[in-house]
Amino acid sequence: MSKKQKDSGNDLQTKNSELTEAETNAIADLKERKKSCVRAPDIQLDFEEETRRLTVGHKEKDPNAACALAMHELGTADYRFFEGVMDQVATLGQQDSSVS
């Protein structure tokens with residue numbers, strides 16, 4: 001699936017399977033949630049080799065809107081939690097090993 005293509009949940013096949021009614025209902029619920037999913041903008045990582053600093057940003061979106069969409073996709077309304085997750089991502093490039 002390309003990045004531009006919307007994930008509607010059609011890849012969840014339930015035909016010819018031995019599922020309980022509860023399992024079938026859970027899959028149907030997931031399909032419905034995937035149809036209404038809002039995808040967060042792609043994260044842009046810029047690594048400066050000289051300073052060994054990783055900068056986390058967003059592609060093609062206003063920074064405030066990008067943060068709000070990313071928080072929505074992560075399922076959080078807590079900015080401190082979101083900031084902690086992003087700090088952990090940024091820390092990945094600041095270790096003593098090389099980044100591949």
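Residues numbered from 1 in each chain as written. Predicted model: local features only at pLDDT ≥ 70, side-chain atom pairs only at ≥ 80, totals over all residues. Heavy atoms only, no water.

## Things to note about the packing of aromatic side chains
Inclusion rule: Paired rings are identified among Phe, Tyr and Trp, the last through its six-membered ring, by centres lying within 6.5 Å, and are further divided according to the angle between planes into stacked (under 30 degrees), edge-to-face (over 60) and tilted (the rest). Numbering of helices and strands runs from the N terminus; a helix is a DSSP stretch of H or I covering at least four residues, while a strand is a stretch of E covering at least two.
Inspection of every chain in the model, using the stated rule, returns 1 aromatic pair. Between the aromatic rings of Y79 and F82, the centroid separation amounts to 6.2 Å while the plane-to-plane angle is 50°, which identifies the pairing as tilted. With a gap of 3 residues between them, Y79 and F82 both fall in helix α3 (residues 79-91), about one helical turn apart.

## Some details on the confidence of the model for the chain
Quick reminder of the rule: On a scale of 0 to 100, pLDDT captures the predictor's confidence in every residue.
Confidence in the prediction for the chain averages 75 pLDDT; 73% of positions are at 70 or higher. Least confident of the elements in the chain is strand β2 (residues 53-58), whose mean pLDDT is 74; most confident is helix α1 (residues 21-35), at 89.

## What to know about the side chain of T76
Note the cut-off: Note on exposure labels: buried denotes an accessible area under 20% of the residue type's maximum, exposed denotes more than 50%, and partly exposed covers the range between, all computed with a 1.4 Å probe on protein chains only. For this analysis, a polar contact is any N or O atom pair within 3.5 Å, provided that within protein one partner can donate a hydrogen and the other can accept it, and provided that sequence-adjacent residues contribute only side-chain to side-chain pairs. Here, two residues are considered to be in contact whenever any of their heavy atoms come within 4.5 Å of each other.
Turning to its location among the elements, T76 is positioned in the loop between α2 (63-74) and α3. Assessed through its relative accessible area of 17%, T76 is described here as buried. Here D78 takes part through its backbone nitrogen, which lies 3.0 Å from a polar atom of the side chain of T76. Apart from the residues lying within four places of it in its own chain, the contact partners of T76 are M71, F81 and F82.

## Some thoughts on α2
Heads up, the condition is: By definition here, a helix of n residues has an expected span of 1.5 Å times n minus one. Here, the arc refers to the directions that run from the helix axis to the C-beta atoms.
Taking 1.5 Å of rise per residue, the 12 residues of α2 would be expected to cover 16 Å, and the 16 Å separating its terminal C-alpha atoms lies within 8% of that figure. All of the buried residues along α2 are A66, C67, A70 and M71. End-on, the buried residues of α2 take up no more than an arc of 135°, which puts them together on one face. Residues of α2 that are buried sit in contact with β2 and α3. Immediately downstream of α2, the backbone of G75 shows phi near 80°, a positive value.

## Thoughts on α3
The terminal C-alpha atoms of α3, which comprises 13 residues, lie 18 Å apart, in line with the 18 Å expected from a rise of 1.5 Å per residue. Among all positions of α3, only F82, M86 and A90 are buried. Viewed along the axis of α3, the buried residues span an arc of 80°, placing them on a single side of the element. Residues of α3 that are exposed and point over 90 degrees away from its buried face: R80 and Q88.

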